[in-house]
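Coordinates in review
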Amino acid sequence: MIRLFVGLELPEDIQDHISSLQSGLPDARWVAKEKLHLNLCFIGNVREDVGEHIHDKLCQMRFHSFNLGFKELGYFENSGIPHHLWLGVDYYQALDELSAKITNIAMECGAPKDRFKFHAHVNLASLHGTNIVDVMRFISANNLFKTRQFQVYYFTLFSSHAREDGSGKNYRIEARYPLTLI
């Protein structure tokens, strides 16, 4: 079995800019700069042959290159308790279409359907006991944050592996798929 997901890698200067936000929120576990990415499709645990079939189909898929930038902080919550802080995007349509194409390919190849509806964002932090007032204060203080636009030339198939010390997961790039230039 292999645990897979498809996402967008971010340019280093965008990672640097986004990581400049990562302080000043109590009980937040910030995502490491090098792990900042935009998840397009969580595939999950699949057999190796299913993973290879998904890879083959993604190699054949065609999609146009597009520009992307980030803005708008928000959070996910359960029963009023915030659990993740995120950074949104300034252009949803291309991401929605790309995510849908990738998700359909994964499901056609035998991967289970992702239980979460796609919402284009970059996870900034997981929140463990962070007070909602602190979250709202953080968002208000950073509500003008915006990155530059950059062109997305490819998307990436990642595998996720538990660290030996049990302290989280390591991501490995399995393949990159070029987008058609416009």
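Scope of this entry: the structure provided in the associated data block.

Thresholds, definitions, all that
- Residues numbered from 1 in each chain as written.
- Predicted model: local features only at pLDDT ≥ 70, side-chain atom pairs only at ≥ 80, totals over all residues.
- Heavy atoms only, no water.
- Helix = DSSP H or I, 4+ residues; strand = E, 2+ residues; numbered from the N terminus.
- Buried < 20%, exposed > 50% of the residue type's maximum accessible area, 1.4 Å probe, protein only.
- Phe/Tyr/Trp six-rings, centres within 6.5 Å; stacked < 30°, edge-to-face > 60°.
- Lys NZ or Arg CZ within 6 Å of the ring centre and 35° of its normal.
- Axes fitted to C-alpha atoms, helices over the stretch in contact; angles between N-to-C directions.
- Parallel < 35°, antiparallel > 145°, perpendicular 65-115°, else oblique.
- Left-handed = near helix turned anticlockwise from the far one by under 90°.
- Contact = heavy atoms within 4.5 Å.
- Nonpolar A, V, L, I, M, F, W, Y, C, P; charged D, E, K, R; others polar.

In this structure, glutamate 72 is a non-glycine residue whose phi angle is positive, near 70°. Within the fold, glutamate 72 resides in strand E5 (residues 70-78). Note on glutamate 72: relative accessible area 41%, which makes it partly exposed. A positive phi is found at serine 79, a non-glycine position, where the angle reads about 50°. Looking at where serine 79 falls in the secondary structure, it is placed in the loop between E5 and strand E6 (81-89).

A word on the packing of aromatic side chains. Taken as a whole, this structure holds eight aromatic pairs when the rule is applied. An aromatic cluster of at least three residues, connected via ring pairs, comprises Phe5, Phe158 and Tyr171. Directly above the ring of tyrosine 171 sits lysine 35, whose terminal nitrogen or CZ lies 5.1 Å from the centroid.

The next thing to look at is the packing of helix H2 (residues 48-60) against helix H3 (residues 93-108). Taken N-terminus to C-terminus, the directions of H2 and H3 make an angle of 140°; their axes are 9 Å apart at the nearest point. By the angle class used here, H2 and H3 are oblique. Note that H2 runs across H3; the crossing there is right-handed. Listed contacts from H3 to Ile54, Lys57 and Leu58 of H2 are Ile102, Ile105 and Ala106. Partitioning the contact of H2 with H3 into residue classes produces five nonpolar, no polar and one charged.

Spatial relationships are all this shows, so hold off on functional conclusions.
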